[in-house]
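# Secondary and tertiary structure notes
Given next are the chains, with one letter for each unit.
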Amino acid sequence: MNAIPQAHRIYAVTENFVSDRLARRRLRHGKERVIEFVLFLAACVSVATTIGIVVILLKESFIFFQQVSLWDFLTDTQWTPLFADAHYGILPLLSGTLVSSAVALLVAIPLGTIIAIYLSEFAPFSVREVAKPFLEMLGGVPTIVYGYFALLFVTPLLQKIFPGLPGFNLLSAGMVMGIMIIPYVSSVSEDAMRAVPMALREGSYAMGATRFQTATRVVTPAAFSGIAAAYILGISRAVGETMILAVAAGMQPNLTWNPMEPAATITAYIVQVALGDLPHGSLAYQTIFAAGLALALVTLFFNVLGHMLRKRFRQAY
Amino acid sequence: MAEAAANIKKIRALIAAHKRWDLLFSLLGMLALMVGVLTFVALFGQMAVEGASRLSWDFFTNFPSRKPDQAGILSAWVGSTLVMLVTAATAVPLGVAAGIYLEEYAPRNWITDLIEINVTNLAGVPSIIYGLLALGLFVYGFGLGQSILTAGLTLGLLILPVVIVATREAIRAIPAAIREGAYALGATKWQTTADHILPYSLAGILTGVIIGMARAIGETAPVITIGALTFIAFLPSVPLTGDPPAGLFDWVMSPFTVMPIQMFNWTSRPEAAFHQNAAAAGLVLVVMTLSMNALAIYIRYRLRKNIKW
């Protein structure tokens, strides 16, 4: 007889308990959802940044291209937006960018590749432990310091070898830029080489190959797409580099393929305009966005290419 | 018999020749590394020789001046410090939150893919493009002007991918058993994250933040692009002082200059005396960025040695 009320009471207590817990759970759940949403918003900032870049560049360039035809922009051989006789041909800036990048890559690709092969296949552990942080530091030096170094150390040095070399030139800026890019090329290439399975090397050694033969004929071909991705990252670095060129290559637009001459790059031009006091909304103000759009398109192309190559080498094994 | 001996001799010669290539390439590798080392030594040495004589207490406490021997970096290092404060306040919370979301919360769908592609891509965008974004958006779009706030936000966006990637890597290194243990005790996702994932990944995140800040402090191009002035002979107002008293955050809207811009300004002048100033400023800048990088490398080294899950 007693059992029924007691059971009832227990039931009531449990029900109370459960609903209490349910309420707390609901609160907890709600809090979780809010936090997740806030974190999601933070992650979306990167998307917003990209959209912001695209919108700003397109918007200002659109106004620019209403006054300057795309045909003139791509074919005119003079870039003189700040002169009375204004010409808006991107070619001189593009040639400066390409020549300086080519010089940089002629330095960075051979040296970077050799360093990567050496560190991945030859170097003893102790050398690697010292060399890798050192390379990282080399990549961490501010670019303005490299610019100072190119202008006031490398150029005078080069002038002793080539007496006719002007004080501003693409050669010294490009060479220093190449040294700056070495760490990017070498670290990505080395990662690619280390991703090559040990079995491939062991197979090669078992056939009697030397270290050098294994490195050049087995590991390097196997890591090729990764190494190519490293080169492309290096190219996109070189194309986007600003301060070394603004300081050491001069800011005079010059349609030339000769690295011994001074010339402006796309990036140096943007710096030059930003240093002057241009009224917001003037055509000259919009030119830097058009130049920026050209730069963004070039680097985007290389970044996408590099990304695709890196994906391929990851999937290979 | 003689033929066999001659054959063996030939094979030995061949092996020796191939081994010589090994040695040669080792030397070549060392040489290539040496190019980097020598450049670094030359760079540092040249600046030290040129600039050491200018490094005095006055150099840190003087404003820039038209007279090279009286010019200093007071407004530059104060500006750099304040900009870095804003940068850290932007990039650290946003980057860590985004990293946590992508590692712990994000469902596998196209939105997540889109975010990930964006982070990877932004890491490859030239810094001067960020300057153009800031010029169009922060300076004129939001009307923030050429202020410390604009520069801090710009550099914050610039190093965001670095912080996100570092956070993700640090979180990924935490074994699943830790999460499972927390869930088994009834913890919610956020409790697990805040009480376990975040504390355990803190050192890794810190490495990324320091590397990002070292990069931001040396960035010149985006700050020039937003139109930072190169000649500043005053400091931003100190909060709650002056007459009338400055507000707590008045300094964020102040015009400013930073270390790399000051160095650029001195480098691009023709007088050799200013080049000495540039060298001294460069020396300060390099020591700052390199010690930050070294700190990050040290923390990572300690981390690798100490943590064994």
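Scoring rules and cut-offs
Residues numbered from 1 in each chain as written. Chains lettered and ligands numbered in written order. Predicted model: local features only at pLDDT ≥ 70, side-chain atom pairs only at ≥ 80, totals over all residues. Helix = DSSP H or I, 4+ residues; strand = E, 2+ residues; numbered from the N terminus. Contact = placed C-beta atoms within 7 Å. Core = buried A, V, L, I, M, F, W, Y, C linked by C-beta atoms within 7 Å. Buried ≥ 20, exposed ≤ 12 C-beta atoms within 10 Å, placed from the backbone. Domains from an automatic or database assignment. Nonpolar A, V, L, I, M, F, W, Y, C, P; charged D, E, K, R; others polar. Axes fitted to C-alpha atoms, helices over the stretch in contact; angles between N-to-C directions. Parallel < 35°, antiparallel > 145°, perpendicular 65-115°, else oblique. Left-handed = near helix turned anticlockwise from the far one by under 90°. Expected span 1.5 Å × (residues − 1). pLDDT = per-residue confidence, 0-100.

Right, let's talk about the overall build of chain B for a bit. A tally of helices and strands in chain B yields 11 helices and zero strands. Reading the helices (α) and strands (β) of chain B from amino to carboxyl end gives α-α-α-α-α-α-α-α-α-α-α. Taken along the three principal axes of its C-alpha coordinates, chain B extends 105 × 65 × 35 Å. Put simply, 77% of the contacts in chain B that link residues at least 6 apart link residues at least 24 apart.

It is worth spelling out the nonpolar core at this point. Within the largest apolar cluster, 187 residues are counted, with the highest numbers of intra-cluster contacts made by Ala150, Val176 and Ile244 of chain A together with Val163 of chain B. If one sorts the elements of this core by residue count, helix α3 (residues 91-122) of chain A sits on top with 17 residues. Sequence-distant contacts of valine 176 of chain A, that is, excluding residues within four places in its chain, are made with Tyr146, Phe149, Ala150, Val154 and Ile244 of chain A.

Below, the discussion takes up the environment of glycine 167 of chain A. Residue position: glycine 167 of chain A is located in the loop between α5 (143-161) and α6 (170-194). For the pair glycine 167 of chain A and alanine 294 of chain A, spaced 127 residues apart in sequence, the C-alpha separation works out to 28 Å.

Residues and elements named next belong to chain A. Assigned domains within chain A: domain 1 (3-67) and domain 2 (91-316). At the junction of the two partners, domain 1 supplies six residues and domain 2 supplies eight residues. In terms of residue class, the side of domain 1 that touches domain 2 is made up of three nonpolar, two polar and one charged.

All names here are of chain B. Running from N to C, helix α10 (residues 259-267) and helix α11 (residues 272-306) point in directions that differ by 155°, and their axes come no closer than 8 Å. Classed by the angle they form, the pair α10 and α11 counts as roughly antiparallel. Classified by chirality, the crossing of α11 by α10 is left-handed. Residue-level contacts link Met259, Pro260, Gln262, Met263, Trp266 and Thr267 of α10 to Phe274, His275, Asn277, Ala278, Ala281, Gly282, Val284 and Leu285 of α11. In terms of residue class, the contact of α10 with α11 is made up of nine nonpolar, five polar and no charged.

Turning next to the domain arrangement of chain B. Many authors give the size of an interface as the accessible area that is lost as the parts come together. Residues and elements named next belong to chain B. For chain B, the domain assignment lists domain 1 (2-52) and domain 2 (55-306). Computed over C-alpha atoms, the centres of domain 1 and domain 2 are 40 Å apart. Each side of the interface is counted separately: domain 1 has six residues, and domain 2 has eight residues. Partitioning the side of domain 1 that touches domain 2 into residue classes produces four nonpolar, one polar and one charged.

In this complex, chain B contributes 67 residues to the contact, which on the side of chain A involves 69 residues. Top contributing element to the side of chain B that touches chain A by residue count: helix α1 (residues 2-51) of chain B, with 17 residues. Looking at side-chain class alone, the side of chain B that touches chain A contains 42 nonpolar, 22 polar and three charged residues.

Before going further, it helps to examine helix α3 (residues 74-105) of chain B. For α3 of chain B, spanning 32 residues, the distance from its first C-alpha to its last is 45 Å, which sits close to the expected 46 Å at 1.5 Å a residue. Summarising burial for α3 of chain B: 23 of the 32 residues are buried, a large majority.

Caution is warranted with low-pLDDT regions, since their predicted coordinates should not be read in detail. Confidence in the prediction for chain B averages 88 pLDDT; 97% of positions are at 70 or higher. Model confidence for chain B, summarised as mean pLDDT per element, is weakest for helix α2 (residues 57-61) of chain B at 85 and strongest for helix α6 (residues 148-172) of chain B at 94.

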